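Now for the letters of each chain:
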Amino acid sequence: AQTVTQSQPEMSVQEAETVTLSCTYDTSENNYYLFWYKQPPSRQMILVIRQEAYKQQNATENRFSVNFQKAAKSFSLKISDSQLGDTAMYFCAFGWNNDMRFGAGTRLTVKP
Amino acid sequence: EADIYQTPRYLVIGTGKKITLECSQTMGHDKMYWYQQDPGMELHLIHYSYGVNSTEKGDLSSESTVSRIRTEHFPLTLESARPSHTSQYLCASSDPGANEKLFFGSGTQLSVL
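Source: prediction; values computed, not measured.

1. A short note on the state of the cysteines
All names here are of chain B. Applying the stated criterion across every chain, the model contains 2 disulfides over all chains. A sulfur-sulfur distance of 1.9 Å marks the disulfide that ties C23 to C91. Since a negative S-S torsion denotes a left-handed disulfide, the C23-C91 link at about -75° is left-handed. Placement of C23 in strand β3 (residues 19–25) and of C91 in strand β9 (residues 87–94) is noted, with a sequence separation of 68 residues between them. As far as the burial class goes, C23 and C91 line up, both buried.

Structure, rendered in structure tokens:
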């Protein structure tokens with residue numbers, strides 16, 4: 001069974017600084033998808049970034065980028081130039097064969 | 001504007017009441033999901049559907065039921081609510097392709113007294 005682990009329940013970062021959120025997963029599959037979702041306080045969960053396992057190049061979306069290490073089964077999210085609006089819960093997710101598994105989440109607080 | 005809607009946003013009810021949480025999407029997605037999420041915790045899949053007249057139970061055992069009579073509508077029903085059902089319920093949908101991204105509703109925060 002696929003599992004997703006986020007070992008940092010809470011993190012904080014100063015505005016304009018860079019922060020990295022960790023995620024590891026366990027699977028025996030070769031082709032799958034990995035996601036980072038953001039859930040702001042009392043707001044809708046939205047997709048931040050997505051990575052296809054068959055692609056070696058790390059995905060990037062503006063200030064958000066990932067470090068995908070397939071052999072190590074690691075999928076960290078880097079947020080550059082952190083903004084107050086980045087304050088949210090961040091969930092790492094693993095998708096395969098119409099199944100999506102979520103980690104426990106990391107609560108990120110951006111401080112002014 | 002294409003989106004996914006959940007109502008009510010907040011609900012406080014007494015034990016034993018029957019409730020239905022509504023979820024509708026205007027994106028024409030075949031796949032829809034219900035997740036249960038306790039505060040600050042991970043999401044647990046409780047129901048999903050691949051299309052009209054298709055419903056399946058997820059990983060987390062739930063006393064709720066769902067129906068999918070129309071593509072856009074995926075309501076969740078609790079026949080007799082209990083305090084243990086207090087939680088946030090998130091509805092989501094996704095594109096027909098495998099492992100496409102999920103679109104989430106704003107959630108329903110349910111409190112059973």
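2. Digging into the interface of chain A and chain B
In this assembly, 23 residues from chain A lie in contact with 23 residues from chain B. The contact between chain A and chain B buries some 1800 Å² in all, and 46% of this surface belongs to carbon and sulfur atoms. Applying the counting rule to chain A against chain B returns 1 salt bridge. Along the contact surface separating chain A from chain B lie 4 residue pairs in polar contact (both at pLDDT 80 or more). For the side of chain A that touches chain B, the elements supplying multiple residues, two or more each, are β5 (33–39), β6 (46–52), β10 (88–96) and β11 (99–102) of chain A. Its residues assigned to classes, the side of chain A that touches chain B shows 11 nonpolar, 7 polar and 5 charged.

3. Digging into the sheet that holds strand β7 (residues 65–66) of chain B
Overall, antiparallel pairing links the 4 strands, which are arranged β1-β3-β8-β7 (chain B) in an open sheet. The outermost strands of the open sheet, each flanked by one partner alone, are β1 (4–7) and β7 of chain B.

4. Side note on the side chain of H73(B)
Residues and elements named next belong to chain B. Residue position: H73 is located in the loop between β7 and β8 (76–78). Side-chain polar atoms of H73 contact the side chain of E22, separated by 2.5 Å. Excluding its chain neighbours within four sequence positions, the residues that come into contact with H73 are E22, C23, S24, S67 and R68.

5. Remarks on the pairing of β3(B)
Residues and elements named next belong to chain B. Side chains of β3 alternate between two faces, with I19, L21, C23 and Q25 buried and T20, E22 and S24 left unburied. Across 3 bridges, the pairing between β3 and β8 is antiparallel. Bridge assignment links T20 to a residue of β8, and that residue is T77.

6. Here's the deal with the nonpolar core
All names here are of chain A. Core analysis: the largest hydrophobic core is formed by 25 residues, its most contacted members being Y25, W36, F75, L77 and Y90. At the level of elements, β3 (19–21), β5, β6, β8 (64–69), β9 (74–79), β10 and β12 (106–111) are the ones that each hand at least two residues to this core. With 4 residues, β10 is the single largest residue contributor to this core.

About the criteria used
- Residues numbered from 1 in each chain as written.
- Chains lettered and ligands numbered in written order.
- Predicted model: local features only at pLDDT ≥ 70, side-chain atom pairs only at ≥ 80, totals over all residues.
- Heavy atoms only, no water.
- Disulfide = S-S within 2.5 Å.
- Helix = DSSP H or I, 4+ residues; strand = E, 2+ residues; numbered from the N terminus.
- Buried < 20%, exposed > 50% of the residue type's maximum accessible area, 1.4 Å probe, protein only.
- Contact = heavy atoms within 4.5 Å.
- Buried area = accessible area lost by both parts, 1.4 Å probe.
- Salt bridge = Lys/Arg side-chain N within 4 Å of Asp/Glu carboxyl O.
- Polar contact = N/O pair within 3.5 Å; in protein donor to acceptor, adjacent residues only side chain to side chain.
- Nonpolar A, V, L, I, M, F, W, Y, C, P; charged D, E, K, R; others polar.
- Pairing = 2+ DSSP bridges.
- Core = buried A, V, L, I, M, F, W, Y, C linked by side-chain atoms within 4.5 Å.

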